[in-house]
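Remarks on the overall topology
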Amino acid sequence: MESGPVNLNEFEELARKILLKMNYDFFSGGAEDRYTLSENIKAFQRILFRPRVLIDVSKIDMSTSLLGFKMAAPIMVAPTGLLKLANHEGEVAVARAAAACNTIMVLSFSSNRTIEEVASSCDAVRFFQLYIYKQRDVCITLVKRAESNGFKAIVLTVDTPRLGRREADIKNKFVIPKFANLEGLLSVNAKSKGGSDLEAFASATLDDSVSWKDIEWLRSITKLPILLKGILTAEDARKAVEARVAGIIVSNHGARQLDYAPASISALEEVVRAVSGAVPIILDGGIRRGTDVFKALALGANAVMIGRPIVYGLAAKGENGVRQVIEMLQNELELTMALNGCPGLKDITRNHVQTEHDRLRSML
Ligand SMILES: Cc1cc2nc3c(=O)[nH]c(=O)nc-3n(C[C@H](O)[C@H](O)[C@H](O)COP(=O)(O)O)c2cc1C
Ligand SMILES: CCCCCCCCCCC(=O)C(=O)O
């Protein structure tokens, strides 16, 4: 009997075999030369551990909280759109799995199941991800619907004034299913002339004049805490704190936007230093192992989010697959903590990892 996947990479392999090529290419793809896509993985591999021994690790506590909301471990679900292309249950299956694993899911605005369907599917803490659209009334309606359906924060994605150039989608003439949340709100003719429909839709709807003053505008329409997703520099991290956001997500959008942006793990430390504890920091991009989660925490993240592995779990085995993906990562983190001599998250320090910068500095 063939055994099931034993790690997140094997889930990707299974999903690749199951999915239509056009859909697998959309989920797995990155921008242009996909330099950042490979760096998101390789940069983690260049970080090594400095494990400590002879510490009692018979009990490991991974529990934590973010903005006051408790989680079993600092591993959250990143917003990913168009999940009907992976499984007919789409975001509802992901929401149920996240709830079962006692973690926070960020629901993408571009989901194929509505805010209301996800909210009524199970009881859990959830955040809602938003872009700023040319039609501001669409943003207002979505934020109000998220509020009235019990979502606890707004995650504003700020790295997408325009859609990155995803050449696989252009070649495949990628066709998008309906954005469930926009039904009756927005009617746009988004048929590409020979390229990706997503690109056509994005250029018709995304507001590329968005600037820092719009954070104030967003605050004026909601009382929910606002997190900014897509910060990669100390300069922008300081501006985000000045703009009184509740949290920062260090992210390059899974390398789907600006190619040759740094791996998000490589940008983490400068953001952590700039913010110096003022707000929580979440990291996403390239997390495939519990060891990656530990490295991000050691470099100052409060939590991480995972994108593609959730989609692959969903494609491979539906809700159960998503649960297995989250549990695998939680179990791997627990083992990594034990082997590094860290019984609790507070025991994980900068001294537990050695980056390439550390190695270069030690040679000077
Ligand atoms: C298929 C797919 C769809 C995504 N959709 C969104 C989205 O709607 N909004 C958003 O802010 N980020 C979106 N992202 C980016 C993720 O939130 C996250 O930043 C990224 O996937 C993390 O990298 P990882 O996939 O290596 O874990 C998407 C990513 C993928 C792969
Ligand atoms: C009404 C606004 C339309 C915005 C179109 C952009 C959709 C992006 C979909 C998912 C995504 O972020 C991704 O990386 O893919």
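The name given to the protein in an unreviewed UniProt entry is Alpha-hydroxy acid dehydrogenase FMN-dependent protein, and the organism recorded there is Dioscorea alata.

Let's shift gears to the overall build of the protein. Looking only at helices and strands, the protein features 14 helices and 12 strands. Against the globule reference of 21 Å for 364 residues, the protein gives a C-alpha radius of gyration of 20 Å, in line with a compact fold. Seen along its three principal axes, the alpha-carbon backbone of the protein occupies a region of about 65 × 55 × 40 Å. Per-residue burial for the protein yields a buried fraction of 57% across its 364 residues. Sequence-distant contacts in the protein: of pairs separated by 6 or more residues, those separated by 24 or more amount to 73%. A total accessible area of about 16,100 Å² is found for the protein, and carbon and sulfur atoms account for 51% of it. Both charge centroids of the protein, one from 46 positive and one from 42 negative side chains, sit 1 Å from each other.

Within this model, the largest pocket holds a volume of roughly 470 Å³. Considering the residues around the largest pocket, the lining is formed by 24 residues, among which Val-158, Asp-159, Thr-160, Pro-161 and Gly-230 are closest to the centre. Counting residues per element, the ones that place at least two in the lining of the largest pocket are strand S7 (154-157) and strand S8 (226-231). For the lining of the largest pocket, the element with the highest residue contribution is S8, accounting for three residues. Taken together, the residues of the lining of the largest pocket sort by class into 13 nonpolar, eight polar and three charged.

This next bit is on the site of ligand 2. In the vicinity of ligand 2 lie 15 residues, with Tyr-131, Arg-166, Thr-205, His-253 and Arg-256 positioned nearest. Between ligand 2 and Tyr-131, the relevant distance is 2.6 Å, taken from an oxygen atom to a side-chain nitrogen or oxygen of the residue. One nitrogen or oxygen atom from the side chain of Arg-166 is found 2.7 Å from an oxygen atom belonging to ligand 2. Protein contacts shield 96% of the accessible area of ligand 2, which totals 440 Å² for the unbound molecule. More than half of the atoms belonging to ligand 2 lie within 2 Å of the grid points that define the largest cavity. At four residues, helix H8 (residues 197-205) tops the list of elements feeding residues into the shell around ligand 2. By residue class, the composition of the shell around ligand 2 is 10 nonpolar, three polar and two charged.

As a further point, take the packing of aromatic side chains. Taken as a whole and judged by the stated rule, the model has 11 aromatic pairs. Connected via pairs of aromatic rings, a cluster forms that spans Phe-109, Tyr-131, Tyr-133, Phe-179 and Phe-201. Just above the ring of Phe-26 sits the side chain of Arg-256; from NZ or CZ to the centre is 4.8 Å. When the ring centre of Phe-49 is taken as origin, the NZ or CZ atom of Lys-295, which lies over that ring, is 5.4 Å away.

Among the 23 residues in the neighbourhood of ligand 1, the closest are listed as Pro-79, Ser-108, Thr-157, Asp-284 and Arg-288. Between ligand 1 and His-253, the relevant distance is 3.4 Å, taken from a nitrogen atom to a side-chain nitrogen or oxygen of the residue. Taking Arg-288, its side chain carries an N or O atom lying 2.9 Å from an oxygen atom of ligand 1. Protein contact buries 97% of the 590 Å² of open area that ligand 1 shows by itself. The cavity that encloses ligand 1 is the largest cavity. A class-by-class count of the residues in the shell around ligand 1 yields six nonpolar, 12 polar and five charged.

Criteria and thresholds
- Residues numbered from 1 in each chain as written.
- Chains lettered and ligands numbered in written order.
- Predicted model: local features only at pLDDT ≥ 70, side-chain atom pairs only at ≥ 80, totals over all residues.
- Heavy atoms only, no water.
- Helix = DSSP H or I, 4+ residues; strand = E, 2+ residues; numbered from the N terminus.
- Rg over C-alpha atoms; globule rule 2.2 N^0.38 Å.
- Buried < 20%, exposed > 50% of the residue type's maximum accessible area, 1.4 Å probe, protein only.
- Contact = heavy atoms within 4.5 Å.
- Areas by Shrake-Rupley, 256 points an atom, 1.4 Å probe, with all protein chains shown as cover.
- Lys, Arg positive; Asp, Glu negative; His and termini not counted.
- Charge placed at Lys NZ, Arg CZ, Asp CG, Glu CD.
- 1 Å grid on protein atoms, 1.4 Å probe; cavity = no way out; pocket = protein on both sides within 12 Å on 5 of 7 lines; lining within 4 Å.
- Points joined across faces, edges and corners; volume = space filled by probe spheres on them.
- Nonpolar A, V, L, I, M, F, W, Y, C, P; charged D, E, K, R; others polar.
- Near = heavy atom within 4 Å.
- Polar contact = N/O pair within 3.5 Å; in protein donor to acceptor, adjacent residues only side chain to side chain.
- Sits in = over half its atoms within 2 Å of the grid points.
- Phe/Tyr/Trp six-rings, centres within 6.5 Å; stacked < 30°, edge-to-face > 60°.
- Lys NZ or Arg CZ within 6 Å of the ring centre and 35° of its normal.

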